[in-house]
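Listed here are the chains, written in short residue letters.
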Amino acid sequence: MVEVVRFALNGGIVKDISFWSTQKVVPVVTIYDSSQAVKLAQTLIAAGLSKIEITLRTEAALQAITLIAQEVPEAIVGAGTVLNTSMAEEALHAGAQFFVSPGITPSLLQYFKVSSIPFLPGCSTVSEAMYLLENDVNVAKFFPAEDSGGLNYLKSISSVLATMKFCPTGGVNVGNYKNYLDLPNVVCVGGSWVAPSKEITANNWELIGAQARATL
Ligand code: 3PG
């Protein structure tokens, strides 16, 4: 919480990557039953992962964010799949402390500039990254990472986009995340492999905890 307040004061999309670099693997969670949210957050935190992204793709997502924000104070819970400012506003009211989008729009950029909340917009091309840099954003979700060229693409663009850092997500998994983290232009990775929806639905906390611990 202290961390989030500090970043809020500094401005959400200022050129400060440390909010995103403090946890190298961010679980991207799609949850279908909000009653499982607290147990999920407790499992991930016990394993050492306090920053958790809940995607806004299910009816349970906003309530899951609310429950984690209220009942698991150690969690830094964020909203993912933020496609527009209405979704951002709803997630903010639910208690989300950071925001992730698969892409970027002028209205989202404006919203987060004004509200000064940690925001990770998405990009998958050089032009999109240049547009973000022009708007004072120097960390972006690289999505969908594997389908957009993966490791080799990130290596290729590092020389021309020397100041841009990425959080690859989409196809990142237990077999390749370390290779992504080895790249100098990668600050963290995101992925659903740590806490897959089917394991959450099955209450498989032991497996999720083990997978989370393995990332550290
Ligand atoms: C995301 O929203 O970031 C992605 O859907 C996660 O992709 P993955 O399921 O391939 O990890």
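Provided above is the structure to which this section pertains.
Described in the following lines is the structure provided in the data block. For clarity, every value in this text was computed on a predicted model and none was experimentally measured. Each chain has its residues counted from 1, following the order in which its sequence is written. Two thresholds apply to this predicted model, a pLDDT of at least 70 for residue-level local features and 80 or more for giving and counting side-chain atom pairs, whereas whole-chain, interface and lining totals are computed over all residues. Values shown for side chains rest on all heavy atoms present in the structure; no hydrogens or waters enter the calculation.

## Looking at the overall build of the chain
Convention followed: Strands are runs of DSSP state E lasting at least 2 residues, helices are runs of H or I lasting at least 4, and numbering of each runs from the N terminus. Note that the radius of gyration is over C-alpha atoms, with the globule rule given as 2.2 Å times the number of residues to the power 0.38. The buried label goes to any residue with under 20% of its type's maximum accessible area, the exposed label to any with over 50%, and the partly exposed label to all in between, with areas taken from a 1.4 Å probe on protein chains only. Residue contacts follow a heavy-atom distance rule, with two residues in contact if any of their heavy atoms lie within 4.5 Å. Surface exposure here means Shrake-Rupley accessible area, sampled with a 1.4 Å probe, where a residue is shielded only by the protein chains that are shown. By the counting scheme adopted, Arg and Lys are positive, Glu and Asp are negative, and His together with the chain ends is not counted. Note on charges: their place is set at NZ of Lys, CZ of Arg, CG of Asp or CD of Glu.
What the chain contains, in helices and strands, is 11 helices and nine strands. Here the C-alpha atoms of the chain give a radius of gyration of 16 Å, agreeing with the 17 Å that 2.2 N^0.38 yields for 216 residues. In terms of overall dimensions, the chain has a C-alpha envelope of 45 × 40 × 30 Å along the principal axes. For the chain, with 216 residues in total, the buried portion stands at 54%. Put simply, 60% of the contacts in the chain that link residues at least 6 apart link residues at least 24 apart. Carbon and sulfur atoms form 54% of the exposed surface of the chain, whose accessible area is close to 9300 Å². In the chain, 13 positive and 17 negative side-chain charges are present, and the distance between their average locations comes to 8 Å.

## With respect to the site of the ligand
Short version of the rule: Any residue with a heavy atom lying within 4 Å of a molecule or strand is counted as near it. Each polar contact in these results corresponds to two N or O atoms within 3.5 Å; when the atoms are within protein, one needs to be able to donate a hydrogen and the other to accept it, and residues that are neighboring in sequence are counted only if both atoms are side-chain atoms. As a working rule, the residues Ala, Val, Leu, Ile, Met, Phe, Trp, Tyr, Cys and Pro are called nonpolar, Asp, Glu, Lys and Arg charged, and the rest polar, with Gly in that last group.
As a structural note, the neighbourhood of the ligand is formed by V28, R57, K141, F143, T169, G170, G171, G191 and S192. Take G171: an N or O atom from its main chain is 2.8 Å from an oxygen atom of the ligand. Here an oxygen atom of the ligand and a side-chain polar atom of S192 are 2.6 Å apart. Considered on its own, the ligand offers 310 Å² of accessible surface; in the complex 79% of this is hidden by protein. Tallied by class, residues from the shell around the ligand come to two nonpolar, five polar and two charged.

## Section: helix α8 (residues 150-157)
Because each turn of an α-helix spans 3.6 residues, side chains separated by three or four positions in sequence point in the same direction. Quick reminder of the rule: Think of the arc as the fan of directions from the helix axis to the C-beta atoms.
Looking at α8, one finds that the buried residues are G150, L154 and I157. Across the axial projection of α8, the buried residues extend over an arc of 75°, all falling on one side. Exposed and facing more than 90 degrees away from the buried side of α8 are N152 and S156. Summarising the contacts, the buried residues of α8 are in contact with α7 (126-134), β7 (139-142), β8 (165-168) and α9 (177-181).

## Considering the pattern of salt bridges
Applicable threshold: Just to be clear on terms, a salt bridge is a Lys or Arg side-chain nitrogen sitting within 4 Å of an Asp or Glu carboxyl oxygen.
All told, the structure shown has one salt bridge when counted by the stated rule. For E199, the salt bridge goes to K198, with nearest N and O atoms at 3.2 Å. Classification of E199 by relative accessible area gives buried; the value is 14%. Given the relative accessible area of 62%, K198 is considered exposed.

## Thoughts on the environment of E71
With respect to the helices and strands, the residue E71 is situated in helix α4 (residues 61-71). For E71, a relative accessible area of 46% gives the class partly exposed. Expressed as a C-alpha distance, the spacing of E71 and L120, which sit 49 residues apart in the sequence, is 25 Å.

## Things to note about the nonpolar core
For clarity, the threshold we go by: Nine residue types can take part in a nonpolar core, namely buried Ala, Val, Leu, Ile, Met, Phe, Trp, Tyr and Cys, and a core is a set of them joined through side-chain atoms within 4.5 Å.
Of all hydrophobic cores here, the largest spans 62 residues; its most connected members are L40, I54 and F99. Excluding residues within four positions of it along the chain, I54 makes contact with V29, I31, A61, A64, I65, I68, V77, G78, A79 and G80.

## Side note on the side chain of N135
For N135, the position within the fold is in the loop between α7 and β7. In this structure the side chain of N135 is engaged in a polar contact, spanning 3.2 Å, whose partner is the side chain of K113.

## Considerations on the packing of helix α3 (residues 37-46) against α4
Here is the rule: Axis lines are fitted to C-alpha atoms, over the contacting stretch for helices. Their N-to-C directions set the angle, which ranges from 0 to 180 degrees. Relative orientations are named as follows: roughly parallel for angles under 35 degrees, roughly antiparallel for angles over 145 degrees, roughly perpendicular for angles from 65 to 115 degrees, and oblique for any other angle. In this scheme, a crossing is called left-handed if the near helix is turned counterclockwise away from the far one by less than a right angle; it is called right-handed if the turn is clockwise.
Running from N to C, α3 and α4 cross one another at 55°; their axes reach a closest spacing of 8 Å. Between α3 and α4, the angle is such that the two are oblique. Where α3 crosses over α4, the handedness of that crossing is right-handed. On the side of α3, the interface is formed by A37, V38 and A41, while α4 contributes A64, L67, I68 and E71. For the contact of α3 with α4, a count of residues per class yields six nonpolar, no polar and one charged.

## Some details on the sheet that holds strand β3 (residues 76-80)
One key point about sheets: their strands pair by backbone hydrogen bonds, in either a parallel or an antiparallel sense. To keep it simple, the criterion reads: Whether two strands pair depends on DSSP finding at least two bridges between them.
With parallel pairing, six strands are arranged side by side in an open sheet as β5-β4-β3-β2-β1-β9. Looking at strand neighbours, the two that pair on one side only are β5 (119-120) and β9 (189-191), the edges of this open sheet. Sheet analysis places β3 next to strand β4 (residues 98-100), joined by two bridges and oriented parallel. By the bridge assignment for β4, G78 is matched with F98.

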